[in-house]
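Chain and residue survey
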Amino acid sequence: MNSLLKFILKYLFTIVFIFIEVICFVLIFSGNDYHNSKYINSSNAFTANISEKWTNLTEYTKLRSINDSLAEENGRLKDILEKYRRDNIPSIEGRGFIYSSAKVVGATVNRTKNFLTINKGLSNNVEPEMGVVGPNGLVGIVYASSDKYSSVLPIINPETKISVKLRKNDYFGSLSWDGSDIRIATMTEIPGYVDVNHGDLVVTSGLSSIFPENIPVGVVKDFYKDSSTEFYTIYVELLTDFNNINYVYIVKNLNYHEQEQFNYTADD
Amino acid sequence: MINDYLKYILLFLFSVLVQVLIFDNIYLIGYVNTFIYLLFILMLPIEMNKYLVLFLGFILGFSVDLFNSTPGLNASATVLVCYLRPFVLNVFSPRDGYESNKTPSVKSYGLYWFIRYSLVIILIHHTFLFFLEVFSFTHFFYTVIKIILSSVSTLIFVFLGHLLFSGK
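Quick caveat: nothing in here was measured; it's all calculated off a predicted structure. (Residues numbered from 1 in each chain as written. Chains lettered and ligands numbered in written order. Predicted model: local features only at pLDDT ≥ 70, side-chain atom pairs only at ≥ 80, totals over all residues. Heavy atoms only, no water.)

Overview of the domain arrangement of chain A
Residue and element names in this part refer to chain A. Per the domain assignment, the segments making up chain A are domain 1 (45-157 + 245-258) and domain 2 (162-238). Between the C-alpha centres of domain 1 and domain 2 the distance comes to 22 Å. The partner domain 2 presents 15 residues to the 22 residues of domain 1 that form the contact. Surface buried jointly by domain 1 and domain 2 totals about 1,400 Å² across both partners, of which 77% is contributed by carbon and sulfur atoms. If you sort the residues of domain 1 by the area they bury against domain 2, Leu 138, Ile 155 and Ile 156 come out on top, with a joint share of 39%. Applying the counting rule to domain 1 against domain 2 returns zero salt bridges. Run the count over domain 1 and domain 2 and you get two residue pairs in polar contact (both at pLDDT 80 or more). Of all the elements in the fold, those that place two or more residues in the side of domain 1 that touches domain 2 are strand E1 (97-107), strand E3 (131-133), strand E4 (138-145) and strand E12 (247-253). Counted by class, the side of domain 1 that touches domain 2 contains twelve nonpolar, eight polar and two charged residues. (Domains from an automatic or database assignment. Contact = heavy atoms within 4.5 Å. Buried area = accessible area lost by both parts, 1.4 Å probe. Salt bridge = Lys/Arg side-chain N within 4 Å of Asp/Glu carboxyl O. Polar contact = N/O pair within 3.5 Å; in protein donor to acceptor, adjacent residues only side chain to side chain. Helix = DSSP H or I, 4+ residues; strand = E, 2+ residues; numbered from the N terminus. Nonpolar A, V, L, I, M, F, W, Y, C, P; charged D, E, K, R; others polar.)

Right, here's the structure in full:
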């Protein structure tokens, strides 16, 4: 007993250190679980509040570029609206998705596992698993929500997988990010016989119940064919500039639960 | 005495906030991550209770994790360097030992000493954190280059931050 006590006293510093490291690793591995990490994330009121105050303070320096990007987007939307009006398409009654705006109050962009924090949460009817899009294209998926804030899993996080397709020929693939360059994501699962060119537009597939179809994601920058699998690996230049992201829209699928239920029963 | 506490509380807030509000929001090239928050650990008094340093390291890393949605990641790397700090200080101790009441700074022990001491701590921290972050050795060389370039960047900013806080 005496010698055990001596041992503990001798290595107490190391034992305390190992104890704290074990706590850290439990946090890391419980945080890796997509559905389990509701509590320790950037949507908590304390840190999100600090981030928001800082964003409000520094936003003034970026107002010109924010204005430009919003005006440009307005122009694009008016164009589309005009096209619908000309084609005399009746108002879309049973619409499936609604959009609401949010401000990005915090972001990490140069880690491997990046996250964004937005200033809308449960009290604004924003919940995990909703889509997030920016003025130029897809941003990510809501990951966790507190009352007033949400944490967003952006494309630039290796855990994000988005179902996408080539706009011109509707071939489906999967988009993910390898952890290096925040401008480039990788599209896989496109078979080798498909016609792929530089500059082809990549959009959401509409296969998941999170995003509507045809939301722009990026353009084909480079591609090669894997000789053993006969599938393409396509490098997609993302349309969203994560280094300069200020306002986003949250996409809510009004039929999300029905569709998920359906997928669930279909899986059985 | 009170002044000292105030100084370290300020240094803590400065390290965390500059990290999460500025450095984590700036993307230079994919290779460079700057971990300015190590400034706090590096500047703690040499003879400070090592258990307290360990505890403060956990709080520091965990605070950054809270902002970044990466629970445990920065905390574990920071706790590791806090654990190793007494050994590193020992290796670089001057021939006649450290004087009491001195902080690890250029003014106390010279530029060369400060750079060596900081660089070892930074390298350990970055190596541990980057490999933990990717959790594989598949991008081995990419990760190694990232460690080296990020360490240089962190060292530069830690040095500048140290000048700011050791003025008094």
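A look at the interface of chain B and chain A
Contact residues are listed per partner, giving 43 residues for chain B and 38 residues for chain A. A combined buried area of about 3,600 Å² lies between chain B and chain A, and 65% of that area is made up of carbon and sulfur atoms. Taken as a group, B:Tyr27, B:Pro71 and B:Tyr83 account for 19% of the area that chain B buries against chain A, more than any other trio of residues on that side. Linking chain B with chain A are one salt bridge, by the criterion used here. The interface formed by chain B and chain A includes twelve residue pairs in polar contact (both at pLDDT 80 or more). Secondary structure elements with two or more residues in the side of chain B that touches chain A: helix H1 (2-22), helix H3 (50-68), helix H4 (73-91), helix H6 (111-134) and helix H7 (140-165) of chain B. When grouped by side-chain class, the residues that make up the side of chain B that touches chain A number 28 nonpolar, eleven polar and four charged.

Let's talk about the sheet that holds strand E5 (residues 150-154) of chain A
All names here are of chain A. Ordered by their spatial adjacency, six strands build a closed barrel running E1-E2-E5-E4-E3-E12, and the pairing between neighbours is antiparallel. Between one strand axis and the next, the sheet turns by 45 degrees as a mean value, whatever way the strands run. Here E3 pairs with E12 via three bridges, running antiparallel. Bridging across to E12, Val 133 finds its partner in Tyr 249. The strands that helix H3 (residues 45-58) touches are E1 and strand E2 (116-118); relative to E1, the one it contacts most, it runs at about 85 degrees. (Pairing = 2+ DSSP bridges. Axes fitted to C-alpha atoms, helices over the stretch in contact; angles between N-to-C directions.)

Side note on the sheet that holds strand E8 (residues 184-191) of chain A
All names here are of chain A. A barrel is described by the order of its strands in space; here six strands give the closed sequence E6-E7-E8-E11-E10-E9, paired in antiparallel fashion. For this sheet, the mean inter-axis angle between neighbouring strands, taken without regard to orientation, is 40 degrees. Bridge count for strand E6 (residues 162-166) against strand E7 (residues 172-176) is four bridges, and the pairing is antiparallel. Pairing of Ile 162 across the sheet is with Leu 175, part of E7.

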